[in-house]
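Residue-level listing of the chains:
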Amino acid sequence: MTTNTDILQNIPQGKPVRIFLPLLNRPDSVRTQGLYQKTEPPNFSLLFQPGMLPVDEIDSTKPCIVSIDMGGPTISLEAMIVEVVHPQTLRMVMRKSISHEQMREFFRVDAVTGVISKSFHTELFSTTKDPWSTEGQTVDISGSGILAIFDEKPRADRPVRLEITIPSFLPETIKVLAHQVRAQQLQDGRFEVAYHFDDITTEDRDKIIGCCLIIQRKMLRLKVQIKEH
């Protein structure tokens, strides 16, 4: 069994990592890149280039997500900020590792936003079919796929192009290639369709993960408010 200590020891010194930093008085996170520095597990440090770390805006009471590309599966950690040593360094303590399967669930949240499923054609694909497009709304979203509702059943072409509006602080639309995993008709006549992303940039996946973190924190605050009442 791999322990948290083993995971940290296996990360090379100076390895580039991505970190999602929660911000004070704002729902969104900021993503930035740093360099991993070994210390005494479960502690570690992250070094940043000047100007990359918004020190005055970081909410150190909330957990951060650290993502490390190891040339195969990506390692993801949940960690807390122990100390800002100086404007370019964070001392961290690891709380837990997040497996690939856990990542899919950890970053899967209920979210209603616009999505368009379109036919995908290039010179490599047949153009004999008429182009088609179906608009719908997501039910949930993750870094690896979506579940959405459509008034009409989208075709099960592979691949399809999805245009998803990310419900972030500044909404934007991302485009990914995906394939239909399953589709079922609901009692009201609409169709519930699950898609898995086949081709998505790291930048766009990070935008989705950041959006999911925002929604998770909103849901957590809502639960706390409900319990208090």
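Residues numbered from 1 in each chain as written. Predicted model: local features only at pLDDT ≥ 70, side-chain atom pairs only at ≥ 80, totals over all residues. Heavy atoms only, no water.

The residue after proline 41, namely proline 42, is reached through a cis peptide bond having omega 10°. Looking at the element boundaries, proline 42 is found in the loop between strand S2 (29-38) and strand S3 (43-47). Omega for the peptide link from arginine 158 to proline 159 comes to 0°, which places this bond in the cis form. Mapped onto the fold, proline 159 is located in the loop between strand S10 (145-150) and strand S11 (160-166). (Helix = DSSP H or I, 4+ residues; strand = E, 2+ residues; numbered from the N terminus.)

For the rest of this paragraph, the subject is the pairing of strand S1 (residues 16-22). Here S1 lies mainly inside the structure; five of its seven residues are buried. Two strands pair when backbone bridges link them, and S1 and S2 are joined in this way by seven bridges, in the antiparallel orientation. Paired with arginine 18 across the strands is glutamine 33, a residue of S2. Pairing of S1 with strand S4 (residues 64-69), which is carried by three bridges, proceeds in the antiparallel orientation. Of the residues in S4, the one forming a bridge with arginine 18 is serine 67. (Buried < 20%, exposed > 50% of the residue type's maximum accessible area, 1.4 Å probe, protein only. Pairing = 2+ DSSP bridges.)

As summarised here, the arrangement of the six strands in space is S1-S2-S3-S6-S5-S4, forming a closed barrel in which the pairing is antiparallel. When the angles between neighbouring strand axes are averaged without regard to direction, this sheet yields 45°. Bridge count for S3 against strand S6 (residues 89-98) is five bridges, and the pairing is antiparallel. If you follow asparagine 43 over to S6, its bridge partner there is valine 93. (Axes fitted to C-alpha atoms, helices over the stretch in contact; angles between N-to-C directions.)

Keep in mind that these numbers describe shape and distance, not what the molecule does.
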